[in-house]
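# Understanding the architecture of this molecule
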Amino acid sequence: MVVHPSHVPYHVSQQCRVFNCGDLNMAISSKGNVAVVRSYVAGATSLSERTSAMANISAFQALGFILGPAIQAIFTLIGEVGVTFKAIDLQVNMYTAPSLMGALLGVVNIVLIFVIFREHRVDDHGRHLASINYDSEGMALTNDNEEPVDQIAVVSSNFLFFIILFIFAIFETISTPLTMDMYAWSRTQAVFYNGIILASIGVESIIVFIAVKIISKKTGERILLLGGLATIWVGFFILLPWGNRYPSIQWRDIQNTTNHNSTFLVSSLSTSGNQTVEPTGCPATQSWCFYTPIVHLAQYITSDILIGLGYPVCSVMCYTLYSKIIGPKPQGVYMGWITAAGSAARTLGPVFVSEIYTHLGPRWTFGMICGIVASSILHLLVVYKRLIAFSVRYGKIQQ
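Cut-off values and rules
Residues numbered from 1 in each chain as written. Predicted model: local features only at pLDDT ≥ 70, side-chain atom pairs only at ≥ 80, totals over all residues. Heavy atoms only, no water. Helix = DSSP H or I, 4+ residues; strand = E, 2+ residues; numbered from the N terminus. Buried < 20%, exposed > 50% of the residue type's maximum accessible area, 1.4 Å probe, protein only. Contact = heavy atoms within 4.5 Å. Areas by Shrake-Rupley, 256 points an atom, 1.4 Å probe, with all protein chains shown as cover. Disulfide = S-S within 2.5 Å. Core = buried A, V, L, I, M, F, W, Y, C linked by side-chain atoms within 4.5 Å. Salt bridge = Lys/Arg side-chain N within 4 Å of Asp/Glu carboxyl O. Phe/Tyr/Trp six-rings, centres within 6.5 Å; stacked < 30°, edge-to-face > 60°. Axes fitted to C-alpha atoms, helices over the stretch in contact; angles between N-to-C directions. Parallel < 35°, antiparallel > 145°, perpendicular 65-115°, else oblique. Left-handed = near helix turned anticlockwise from the far one by under 90°. UniProt positions renumbered as here; feature names shortened; annotations may be inferred. Patch = residues over 30% accessible without salt bridge, like charges linked within 9 Å, V, L, I, M, F, W, Y side chains within 5 Å. Nonpolar A, V, L, I, M, F, W, Y, C, P; charged D, E, K, R; others polar. Polar contact = N/O pair within 3.5 Å; in protein donor to acceptor, adjacent residues only side chain to side chain. Expected span 1.5 Å × (residues − 1).

Here we come to the overall build of the protein chain. For the protein chain, the helix and strand inventory stands at twelve helices and seven strands. Looking at the protein chain as a whole, 46% of its 399 residues qualify as buried. Pairs at least 24 apart in sequence give 76% of the contacts found in the protein chain among residues at least 6 apart. When the accessible surface of the protein chain is split by element, carbon and sulfur atoms take 65% of a total near 19,800 Å².

This is the structure:
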């Protein structure tokens, strides 16, 4: 049975527009592949090649961020009803088409792995290893494996990566409900315009990854990570509401237009025959809509640019530092830990948005995020000297 969105109960619709469970499940399942890929890259590159290789991986990931939202924006042309193939009980619309395309691309990836992919492994010096347990230069690898990894640096890297993914998950999740509430965009408009914005951020990210490969050779990963977190903090600080302009209020189940204290623009639910017009504006059930100023569109765009600048820097630097901290040891388990931290962040981020944003509004949401990012910056400063490569720590390579 095909259910039109206008027939979905209000409370379910409100939760779904903030907390997209389908996107979350796909994001978490894809993290398993990311851990394996980054673990392989860490084992197949020397210390001097690591940052550049990780940046390349992240650049192609950013390319996916570009094409994904762009394709999603194109799929909005299909509409919410779309086409139904009754023979297999399949509905293809603006919501299901991206998932179906993702499944097709997954099959293509499986074929490419069997046909093209070949494994290689080198140590931190770039010397080729015949297998994961063999070192052509003698016992160097065995001795490296006997040296302990700095667990404080490992835990700190996991914590920082959790924060980075947590705030980006919030950024992704909140874009649609925020723009619908602040600018009275419809669901289709919010998906389309935010798809364009995220695609633009993807282009920005690729440029950042290219720049990072060059800049990191002169500054190092730690200072770039610090600068990226500071940029993200500024991006969310800009999102704090100010001024005396308030959002349009969405009144449901009231046919007559009503002014609230003569300061708010009110949009009502109107019906004509069997057709229902989608209500727009900030829902009256969210009490903060009545006293919280809007986040101006210029604030939103500026914040997108800054977060789109800071996030890719933080992501690639954190992964690169983490792989260097672990050193020549097999990194599969360690990469699983940091990927699990990222998956936990992608899980808790939307929950944070659905609870804090819905009940307290953007001022509390972005204020708390600023506090979280500030605490991560302080933590980074405390452990700054410990976040060094394994080979550098034990004097095998000069930094």
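Resuming the write-up.
Let us look at the environment of Ile 325. The residue Ile 325 is located in helix H9 (residues 297-326) in this model. As a C-alpha pair, Ile 325 and Leu 387 span 62 residues in sequence and 6.8 Å in three-dimensional space. Setting aside chain neighbours within four positions, we find Ile 325 in contact with Val 149, Asp 150, Ala 153, Val 154, Ser 157, Leu 387, Ile 388, Ala 389 and Phe 390.

Time to look at the state of the cysteines. Applying the stated rule across the entire model yields one disulfide. Across a sulfur-sulfur distance of 1.8 Å, Cys 282 and Cys 289 are joined as a disulfide pair. The chirality of the disulfide connecting Cys 282 with Cys 289 is left-handed, given an S-S dihedral of about -55 degrees. Each member of the pair Cys 282 and Cys 289 is classed as buried. Unpaired in terms of disulfides, Cys 314 finds its nearest cysteine sulfur in Cys 318, a separation of 8.1 Å.

Turning our eyes to something else, we now look at the nonpolar core. Ranked by size, the top nonpolar core spans 73 residues in total, and within it Ile 164, Leu 178, Leu 225, Phe 236 and Ile 369 carry the most contacts. At the level of secondary structure, the elements contributing two or more residues to this core comprise helix H3 (47-75), helix H6 (151-183), helix H7 (187-219), helix H8 (221-238), H9, helix H10 (332-360) and helix H11 (362-382). A per-element tally of this core places H6 first, with 16 residues. If we skip the residues at most four places from it in the chain, Ile 369 touches Ile 167, Ile 170, Phe 236 and Phe 352.

Once that is clear, we can look at the pattern of salt bridges. With the rule as written, the count across this model stands at three salt bridges. Across the salt bridge formed by Asp 150 and Arg 386, the nearest N and O atoms sit 3.1 Å from each other. Here Arg 386 lies in the loop between H11 and helix H12 (390-393) and Asp 150 lies in the loop between helix H5 (140-146) and H6, a separation of 236 residues in the sequence. With a shortest N-O distance of 2.9 Å, Glu 172 and Arg 346 are connected by a salt bridge.

Applying the stated rule across the entire model yields 13 aromatic pairs. A ring pair is formed by Phe 166 and Phe 352, whose centres lie 5.5 Å apart and whose planes are at 70 degrees; its orientation type is edge-to-face. With a gap of 186 residues between them, Phe 166 in helix H6 and Phe 352 in helix H10 connect regions that are remote in the sequence. Given the relative accessible area of 8%, Phe 166 is considered buried. Taken together, the ring pairs connect Tyr 183, Trp 185, Phe 192, Tyr 193 and Tyr 300 into an aromatic cluster.

Quick look at the packing of H6 against H7 now. At a closest axis distance of 9 Å, the pairing of H6 and H7 adopts a crossing angle of 140 degrees. By the angle between their axes, H6 is oblique relative to H7. Crossing geometry of H6 relative to H7 is assigned as right-handed. In this structure, H6 uses Phe 171, Ser 175, Thr 176, Thr 179 and Met 180 to contact H7, whose residues at the interface are Arg 187, Ala 190, Asn 194, Leu 198 and Ile 201.

According to UniProt, the positions carrying the feature "transmembrane region" (unreviewed entry) are residues 59-79, 99-117, 152-171, 191-211, 223-242, 300-322, 334-352 and 364-384. What you have in residues 152-171 is 100% helix and 0% strand, and the ends, taken at the C-alpha atoms, are 29 Å apart. The span residues 334-352 shows a helical share of 100% and a strand share of 0%, and its end C-alpha atoms are spaced 27 Å apart.

A grouping of Leu 104, Val 107, Val 108, Ile 110, Val 111, Leu 112, Ile 113, Phe 114, Val 115, Ile 116 and Phe 117 is seen on the molecular surface, where their side chains present a nonpolar patch of about 1,100 Å² in accessible area. Val 111 sits in the partly exposed class, given a relative accessible area of 45%.

With that settled, consider the packing of H8 against H9. In the contact formed by H8 and H9, the axes pass within 7 Å of each other and the chain directions differ by 155 degrees. The angle between H8 and H9 places the two elements in the roughly antiparallel class. Considering the relative orientation of H8 and H9, their crossing is left-handed. Tallied by class, the residues present in the contact of H8 with H9 amount to 15 nonpolar, eight polar and three charged.

Let us look at the side chain of Ser 303. For Ser 303, the location among the structural elements is in helix H9. The class for Ser 303 is buried, based on a relative accessible area of 0%. One polar contact links the side chain of Ser 303 to the main-chain carbonyl oxygen of Gly 235, over a distance of 2.8 Å. Setting aside its immediate chain neighbours within four residues, Ser 303 contacts Gly 235, Phe 236 and Leu 239.

A few words now on H10. Along its 29 residues, H10 runs 41 Å from first to last C-alpha, staying within 8% of the 42 Å computed at 1.5 Å per residue. At the C-terminal side of H10, Gly 361 shows a positive phi close to 95 degrees.

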